[in-house]
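# Structural characterization, general
This is what each chain is made of:
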Amino acid sequence: MKIYNTLTRQKETFTPIEEGKVRMYVCGPTVYNLIHIGNARPMIVFDAFRRYMEYKGYEVNYVTNFTDVDDKIIKKAQEEGVEASEISSRYIAECKKDMEGMNVRPATVHPLATEEIDGMIEMISVLIEKGYAYAVADGTVYFRTGKFAPYGKLSHKNPEDLQAGHRDIKVTGELKEEPFDFVLWKPKKEGEPAWKSPWGEGRPGWHIECSVMSKKYLGETIDIHAGGEDLIFPHHENEIAQSEAASGKEFAHYWMHNGFLNIDNRKMSKSVGNFFTVREIAQKYDLQVLRFFMLSAHYRSPLNFSAELMEAAKSGLERICTAAEQIERLQKVSDRKEMTAEEEELYAGTEQFREKFEAAMEDDCNTADAVSAIFELVKYINTNVSAEQSGSYLRKLYDRLKTLCDVLGIRIELKEEVLDGEIEKLIQERQDARKNKDFARADQIRDDLAQKGIILKDTREGVTWKRA
Ligand SMILES: [Zn+2]
């Protein structure tokens, strides 16, 4: 498989550290709010990458963190008058719901920054010992960027430019040695969560979190580190500096970055008012449509989100689901089991689509071309199935389609059927919870259903429901 490596700026053949295994770290969101569709893009594209690697037989150790201590979380907590941990655990739970809706599989491990503080203190201590970091009078610890010679190798910036860029933003009264030195540990401010450390009470900087979590769960050197391209500088550059200065080893062999997501050709921003959370999209669309939309583009290309393109994704996905539904229906009425020689040959004709699909994925995870291969398979299916055909033939066609869609994490099962039964079951569970006076659970079920666009109505005759 070829991967475009941001570090070398070229496509390289993927060679894992350990045969048959992939150690991969993807930077996760800071949990102070519902995730937005910009957060969703790396989740979806790297989930598809992971699924493909597993399909190829790799054992993938996939780690993605939640940053659960941060200025934004603290600010939100202060606004609501609650603990920061209440904000972070609330939005971790919400994020996991969105992930499920988008069919993003849980990571092998989802470490939380606040549970890894000891490791951070340890790494910072090593950096100080080696002369790569220093503590100042107010209890802040900085990374001595100038001492790490390869600094800038990922973002391809040279140290002079970096220094020049930082000079303007130097705040007077700062105790750091050089403008581009960055924070590893910051001292406690009144009302903020803090942990004890050799430099006084405080909390870690954002960059050190990922260096430490990656090391703990994947080792000092990993295969792939990934995230949005906005993280290349300074976040990933700083992670490299910290990890490599501490271990003396290369941090990650391959760096993968997804492109930006624009809305109606403009940068997504709250102030412009073109900002969407995944939850808002879920009110209009099945999140499978969002997933399909994201995978219809190459992960490194900038992606434009618009109502029109979402509609196009919706009808594209429907075309695939309709073909799957058609085969299933025919299979039910088919009265012949064994495949004929002609059917064998027809089935063999689908091999080319699998090959095209794999070739696209092998070429730097080109999901756009992989989706095209699925469409070609769908077209082939539509012209080569009928009620006269054998059950085995139809089954095999269905399996081929499903296998390829599964690799991309695209669900082709009939949603309505699954959902109706699920709704009835949940309504019953809610009734039982109410009977047992477990109103929290009852409310949660109602909210969960509302999130899926199912509105419950309590009437004298019982509970009725409708789709929003
Ligand atoms: Zn990170």
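Residues numbered from 1 in each chain as written. Predicted model: local features only at pLDDT ≥ 70, side-chain atom pairs only at ≥ 80, totals over all residues. Heavy atoms only, no water.

Turning our attention to helix H12 (residues 351-362). The first and last C-alpha atoms of H12 sit 16 Å apart over twelve residues, in line with the 16 Å expected at 1.5 Å per residue. Of the residues making up H12, those classed as buried are Phe353, Phe357, Glu358, Ala360 and Met361. Summarising the axial view, the buried residues of H12 lie within an arc of 160°, below the 170-degree limit, and thus occupy one face. Taken together, the buried residues of H12 touch helix H1 (37-55), helix H13 (367-384) and helix H14 (391-408). Just downstream of H12 lies Asp364, where phi reads positive at about 55°. (Helix = DSSP H or I, 4+ residues; strand = E, 2+ residues; numbered from the N terminus. Expected span 1.5 Å × (residues − 1). Buried < 20%, exposed > 50% of the residue type's maximum accessible area, 1.4 Å probe, protein only. Arc of directions from axis to C-beta. Contact = heavy atoms within 4.5 Å.)

All right, on to the environment of Leu112 then. By the secondary structure assignment, Leu112 is in the loop between helix H3 (84-101) and helix H4 (117-129). Considered as a pair, Leu112 and Phe66 are 46 residues apart in the sequence and their alpha carbons are 5.2 Å apart. Not counting residues within four places of it along the chain, the set of residues in contact with Leu112 comprises Phe66, Asp68, Ile92 and Met213.

The next point concerns the side chain of His236. On the secondary structure map, His236 appears in helix H7 (residues 232-247). Ignoring anything within four residues of it in the chain, the contact list for His236 reads Cys27, Leu154, His225, Ala226, Gly227, Leu231, Trp255 and His257.

Below, the discussion takes up the packing of H12 against H13. Running from N to C, H12 and H13 cross one another at 170°; their axes reach a closest spacing of 7 Å. By the criterion of interaxial angle, the relationship of H12 to H13 is roughly antiparallel. Of the residues in H13, those touching H12 at Phe353, Lys356, Phe357, Ala360 and Met361 are Thr367, Asp369, Ala370, Ala373, Ile374, Glu376, Leu377 and Tyr380. (Axes fitted to C-alpha atoms, helices over the stretch in contact; angles between N-to-C directions. Parallel < 35°, antiparallel > 145°, perpendicular 65-115°, else oblique.)

As a further point, take the pairing of strand S9 (residues 222-228). Most of S9 is tucked away: seven of the seven residues are buried. Taken together, the three bridges between strand S3 (residues 21-26) and S9 define a ladder with parallel strand orientation. Paired with Tyr25 across the strands is His225, a residue of S9. Alignment of S9 against strand S10 (residues 252-258), held across six bridges, turns out to be parallel. Paired with Gly228 across the two strands is Asn258, which belongs to S10. Read from S9 through H7 to S10, the crossover connection turns out right-handed. (Pairing = 2+ DSSP bridges. Right-handed = clockwise from strand over helix to strand, strands pointing away.)

With that settled, consider the coordination of the zinc ion. Each angle at a metal carrying four tetrahedral donors should ideally be 109.5 degrees, and each at a metal carrying six octahedral donors should ideally be 90 or 180 degrees. Taken together, the protein ligands of the zinc ion are Cys27 (SG), Cys210 (SG), His235 (NE2) and Glu239 (OE), with distances of 2.0 to 2.8 Å. Taken together, the four donor atoms surrounding the zinc ion define angles of 69 to 126° at the centre, an arrangement classified as irregular. One chain supplies every donor to the zinc ion, and in sequence these donors are spaced C-x182-C-x24-H-x3-E. Note that Cys210 is positioned in helix H6 (residues 206-218) and His235 in helix H7, a separation of 25 residues in sequence. On the basis of relative accessible area, His235 is assigned to the buried category, the value being 1%. (Donors = N, O, S within 2.8 Å, 3.2 Å for Na, K, Ca; no water. Tetrahedral: all angles 85-135°; square planar, octahedral: opposite > 155°, others 65-115°.)

The next point concerns the sheet that holds strand S8 (residues 202-204). One open sheet holds the four strands; their spatial order is S5-S6-S7-S8, and the pairing between them is antiparallel. With partners counted over all chains shown, the strands left at the sheet margins are strand S5 (133-135) and S8, one partner each. Across this sheet, the average inter-strand angle for adjacent strands is 20°, counted without regard to direction.

Turning our eyes to something else, we now look at the sheet that holds strand S11 (residues 261-263). On the basis of which strands lie adjacent, the open sheet formed by three strands has the order S12-S11-S13 and mixed pairing. At either end of the open sheet lies a strand with only one pairing partner, and these are strand S12 (266-267) and strand S13 (303-305). Both S11 and S12 contribute to a ladder of two bridges, which runs antiparallel. Bridge pairing in S12 links Asn262 to Lys267.

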